[in-house]
Amino acid sequence: MSRSVRTRPEGSGQALSEAYDTALLDLDGVVYAGGSAIAHAVESLATARTGGMRLAYVTNNALRTPGTVAEHLTELGIPTGADDVITSAQAVARLISEQVPQGARVLVIGGDGLRVALRERGLVPVESADDDPAAVVQGYGGPELPWGRFAEASYAVARGVPWFASNTDLTIPSGRGIAPGNGAAVEVVRIATGAEPQVAGKPLPPMHRETILRTGAERPLVVGDRLDTDIEGAFNGDVDSLLVLTGVTDGAQLLAAPPQHRPTYVDADLRGMLGGQPEVAAADGGGFRCGGWTARAGADRLELDGDGEALDGLRALCAAAWTAVGAGVCELDGGKSLARLGL
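Residues numbered from 1 in each chain as written. Predicted model: local features only at pLDDT ≥ 70, side-chain atom pairs only at ≥ 80, totals over all residues. Heavy atoms only, no water.

This paragraph deals with helix α9 (residues 227–237). Think of an α-helix as 3.6 residues a turn; residues three or four steps apart then line up on the same face. Taking burial as the measure, the eleven residues of α9 include eight buried ones, the bulk of the element. Looking only at α9, the buried set comprises Leu227, Thr229, Asp230, Ile231, Glu232, Gly233, Ala234 and Phe235. One or two steps after α9, the chain reaches Asp238, where phi turns positive at roughly 60 degrees. (Buried < 20%, exposed > 50% of the residue type's maximum accessible area, 1.4 Å probe, protein only. Helix = DSSP H or I, 4+ residues; strand = E, 2+ residues; numbered from the N terminus.)

Turning our attention to unusual backbone geometry. Between Lys202 and the following residue, Pro203, the backbone shows a cis peptide bond with an omega angle of 10 degrees. Relative to the helices and strands, Pro203 is located in the loop between β12 (198–199) and α8 (205–215). The backbone of His40 sits at a positive phi, close to 75 degrees, despite the residue not being glycine. Along the polypeptide, His40 turns up in the loop between β3 (36–37) and α2 (41–50).

Let us look at helix α5 (residues 112–120). Looking at α5, one finds that the buried residues are Gly113, Leu114, Arg115, Ala117 and Leu118. If you follow the buried residues of α5, they end up packed against α4 (88–97), β6 (105–109), β7 (124–126) and β8 (135–138). Following α5 by one or two positions, Gly122 adopts a phi angle in the positive range, close to 80 degrees. (Contact = heavy atoms within 4.5 Å.)

The biggest cluster of nonpolar side chains holds 28 residues, and the ones touching the most others in it are Leu25, Val31, Leu270 and Met273. Among the secondary structure elements, those contributing two or more residues to this core are α1 (16–19), β1 (22–25), α2, β4 (54–59), α3 (66–75), β13 (220–224) and β14 (240–244). (Core = buried A, V, L, I, M, F, W, Y, C linked by side-chain atoms within 4.5 Å.)

Moving on: the pattern of salt bridges. For the structure shown, the criterion picks out 20 salt bridges. Measuring nitrogen to oxygen at the nearest pair gives 3.7 Å for the salt bridge that ties Arg296 to Asp305. With a closest N to O distance of 2.6 Å, Arg315 and Asp312 form a salt bridge. Residue Arg315 and its partner Asp312 are located together in helix α11 (residues 310–325), separated by three residues, close to a single helical turn. Like Asp312, Arg315 is buried. (Salt bridge = Lys/Arg side-chain N within 4 Å of Asp/Glu carboxyl O.)

Enumeration according to the criterion identifies two aromatic pairs in this entry. Between the aromatic rings of Tyr20 and Tyr265, the centroid separation amounts to 6.3 Å while the plane-to-plane angle is 75 degrees, which identifies the pairing as edge-to-face. Taken together, the positions of Tyr20 in the loop between α1 and β1 and Tyr265 in strand β15 (residues 265–267) put the pair 245 residues apart, joining distant regions of the chain. Comparing Tyr20 with Tyr265, the two get one shared label, buried. Between Trp147 and Phe150, the ring centres sit 5.3 Å apart and the planes meet at 90 degrees, which makes this aromatic pair edge-to-face. On the basis of relative accessible area, Phe150 is assigned to the buried category, the value being 10%. (Phe/Tyr/Trp six-rings, centres within 6.5 Å; stacked < 30°, edge-to-face > 60°.)

Between helix α6 (residues 148–158) and helix α7 (residues 182–193), the shortest axis-to-axis distance is 9 Å and the interhelical angle comes to 45 degrees. Relative to α7, the element α6 is oriented oblique. For α6 against α7, the interelement crossing comes out right-handed. Residues Phe150, Ala153, Ser154, Val157 and Ala158 of α6 lie in contact with α7, whose contacting residues are Ala185, Val188, Val189, Ala192 and Thr193. Within the contact of α6 with α7, the residues separate by chemical class into eight nonpolar, two polar and no charged. (Axes fitted to C-alpha atoms, helices over the stretch in contact; angles between N-to-C directions. Parallel < 35°, antiparallel > 145°, perpendicular 65-115°, else oblique. Left-handed = near helix turned anticlockwise from the far one by under 90°. Nonpolar A, V, L, I, M, F, W, Y, C, P; charged D, E, K, R; others polar.)

As structure tokens, then:
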């Protein structure tokens, strides 16, 4: 994918599972939600894998080990090995290992995922700022992480110990709703110390580098539900992306996406990997057409005409909006058009 301004979703004559050698899949909101498989995910992934596509699961959640994530996916009916899972804990552990000596102590504020990843890189996890750590690493530790752990991090960071964070997602979905994520915990230490951590997770380059090193992907396709992590991460890595609408992103957010948040392809769910993607083309008289819909950007609103599949209408609307605003953010009124599509 070029990092120039994207003005429309792209089409593909081939099934995406054939056009790309590896799918780099986000988990929550893409493969499962609240621990249960999302509709069509299990069978879609099985079909893509049978056709020769490698499946790799890429998560910003540093709490669980790759083995634990693989076990969960296998229980859902998606056979997965630990080597198929890449976490932000692994990305941040590599980042730390490049800046401290082999065998260095690292103060861990988080869960087992961080400890396992640090040991894999020859580093020694410790629990106290008084253990003479060479670095501090902070990752999501779950809802039961004691408040005192943030104080421990703050003591070390205030002394000048280098500070690293697996990711800075402010929220994390749970079965009961949206909960504070690692980014919220990072803010606690930032407020106490005034320091800034080095961050490894999506959408930043260390996470993309980790996925390519571990998978060997030559033609990867990032598949995600979040514009600010999955799609921006693909943009930063200069690779193509597929946004699925089974997670946090809705039609209005997609229309308003700035260039770094605009996916290559858009589909309802993971079945979009198994077929080609429809072309969004310039329409006679201006605007863009996709399927049975034509969309145009007026002076202050988006105009939608036609009667086809809702998703095709959304693609046409995105082309009209993104072209109209260029590198800006769409502020055109698209509410009535989205209502016509049921979005």
